[in-house]
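These are the residues of each chain, in order.
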Amino acid sequence: MNTKGIKNNLILAFFICIIAEAIGPVSLTFGKFSIKILAIIWAITLGTLVSPFIIGKFIPFFKKLITQNEINKAGYMLSIALYPLGVLFGIYAGPRVGIILETGPAILLQEFGNTFTMVIALPLGILLGLKRSSFGATFSLCRDTALGIIGDKYGLDSEEGMGTLGVYIFGSVFGTLIFTILAPVGLALGFHPYALAMASGMGSGSMMGAATASLLEASPAFMAKDIMAYSATSGLLTAVFGVYVEMFVSLPVANWYYYKVYNKLEFFRNKKKGEIKNV
């Protein structure tokens, strides 16, 4: 087995993590809004920049360090790295099944709301020509558990895996910023702070932290502990309950929906492409 690609990836990941942690969270303030850029965003940005397609074009060292061999192995390494996380979710899930049943419908039904965004997003993905990548990108919110499920079933180097991984990275980079902005905007629109706190817990630690921090800044001080409690409970339930929803509801429904609409939408897309070419 050729371990050169794995070795280079591990070395580079180690140094990128050190640099990202050294930079640390950076807070930016725009009027009443506060945006916190977390270390994970620096890590993803640096990892993108050192690819052979960006900095590698100008600095030969990075082109030699990160070749197509390293890129091909990165997907497998990510799958392996996610297995301990899956075990961790399993350890959380077992003892806390009773909590899920006691929390009432509101905090549980939000997971189905997260899941059925595919109703709009999946057809749009097909119309954009993403094919099976649209399935991987829309069957869930594409956080850590989704990466594990898709990676195990299809592989992260498959079209489905690329769709899930693409949304995961986009969410990590831009989702944190968007959630930071949405929290105070939601308050301005009249949503209750507790409702927004529940919405903050959607399976992403970085997004939950950013949204909660922004919500705490804009909410009355006496609500702080309750906001943190709602946010943390919602995040935990999304992580625990979301695994089962993604495996037993989202995945089969998204697959059925994809094959139900694909031919019609692909025919429509090709027809429109033909009309544009004839103009």
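Criteria and thresholds
Residues numbered from 1 in each chain as written. Predicted model: local features only at pLDDT ≥ 70, side-chain atom pairs only at ≥ 80, totals over all residues. Heavy atoms only, no water. Helix = DSSP H or I, 4+ residues; strand = E, 2+ residues; numbered from the N terminus. Buried < 20%, exposed > 50% of the residue type's maximum accessible area, 1.4 Å probe, protein only. Contact = heavy atoms within 4.5 Å. Arc of directions from axis to C-beta. Patch = residues over 30% accessible without salt bridge, like charges linked within 9 Å, V, L, I, M, F, W, Y side chains within 5 Å. Areas by Shrake-Rupley, 256 points an atom, 1.4 Å probe, with all protein chains shown as cover. Salt bridge = Lys/Arg side-chain N within 4 Å of Asp/Glu carboxyl O. Polar contact = N/O pair within 3.5 Å; in protein donor to acceptor, adjacent residues only side chain to side chain. Core = buried A, V, L, I, M, F, W, Y, C linked by side-chain atoms within 4.5 Å. Phe/Tyr/Trp six-rings, centres within 6.5 Å; stacked < 30°, edge-to-face > 60°. Lys NZ or Arg CZ within 6 Å of the ring centre and 35° of its normal.

### What to know about the overall build of the protein chain
- Summing up its helical and strand segments, the protein chain has 13 helices and 2 strands in all.
- Here the protein chain holds 279 residues, and 42% of them are scored as buried.
- Look at the contacts in the protein chain between residues 6 or more apart in sequence, and 72% of them connect residues 24 or more apart.

### Observations regarding the environment of G155
- Along the chain, the position of G155 falls in the loop between α9 (144–153) and α10 (159–188).
- Each C-alpha atom of the pair G155 and Y76 lies 7.9 Å from the other, and the pair is 79 residues apart in sequence.
- Once residues within four sequence positions are removed from consideration, G155 is found in contact with I150 and G161.

### Remarks on helix α7 (residues 118–127)
- Where α7 is concerned, the buried positions are M118, L122, P123, G125 and I126. Viewed along the axis of α7, the buried residues span an arc of 155°, placing them on a single side of the element.
- Phi turns positive, to about 85°, at G129, one or two residues after α7.

### What about a nonpolar patch on the surface?
- Taken together, the side chains of L109, F112, F116, V119, I120, L124, L127 and F268 define a hydrophobic patch exposed on the protein surface, amounting to about 720 Å² of accessible area.
- Secondary structure elements with two or more residues in the nonpolar patch: α6 (105–115) and α7.
- With 4 residues, the top contributor of residues to the nonpolar patch is α7.
- Note on placement: L127 falls in helix α7.

### Describing the side chain of R269
- With respect to the helices, strands and loops of the structure, R269 is situated in helix α13 (residues 224–278).
- For R269, the side chain forms a polar contact with the side chain of E266, separated by 3.2 Å.
- Discounting residues that sit within four places of it in the chain, R269 has contacts with I126, L127, L128 and G129.

### Details of the pattern of salt bridges
- Considering all chains together, one arrives at 2 salt bridges under this definition.
- The salt bridge involving E160 is made with R132; its shortest N-O contact spans 2.9 Å. Residue E160 is located in helix α10, and its partner R132 is located in helix α8 (residues 132–138); the two are separated by 28 residues in the primary sequence.
- Owing to a relative accessible area of 11%, R132 belongs among the buried residues under this scheme.
- Measuring nitrogen to oxygen at the nearest pair gives 3.2 Å for the salt bridge that ties E266 to R269. Of the two residues, E266 and R269 are both situated in helix α13; the distance of 3 residues between them amounts to about one turn of the helix.

### What about the nonpolar core?
- In this structure, L122, I126, F135, F139, L251, Y258 and V261 are the most contacted members of the largest nonpolar core, which totals 15 residues.
- Sorting the residues of this core by element identifies α7, α9 and α13 as the ones contributing at least two each.
- For this core, the element with the highest residue contribution is α13, accounting for 7 residues.
- Among all residues touching Y258, those that are not within four sequence positions of it are L122, I126, K131, R132, S134 and F135.
- By size, the runner-up hydrophobic cluster in this structure holds 7 residues, among which are A183, Y194, L196 and I227.

### Comments concerning the packing of aromatic side chains
- Tallied over the full model, the rule gives 5 aromatic pairs.
- When the ring of F135 is compared with that of Y154, the centres are 5.9 Å apart and the planes differ by 80°; the resulting orientation is edge-to-face. Of this pair, F135 sits in helix α8 while Y154 is found in the loop between α9 and α10, placing the two residues 19 residues apart along the sequence.
- By relative accessible area, Y154 is classed as partly exposed at 26%.
- Taking the centre distance of 5.2 Å and the plane angle of 85° together, the rings of Y258 and Y259 count as edge-to-face.
- Overall, Y258 belongs to the buried group, its relative accessible area being 4%.
- Residue classification places Y259 among the exposed residues on the basis of a relative accessible area of 54%.
- Feature note: the residues F135, F139 and Y154 constitute an aromatic cluster, connected by ring pairs.
- The positively charged end of R132 is found above the aromatic ring belonging to Y258, 4.8 Å away from the centroid.
- The ring of Y154 has K153 lying over it, and the distance from NZ or CZ to the ring centre is 5.7 Å.

None of this, on its own, says anything about what the molecule does.
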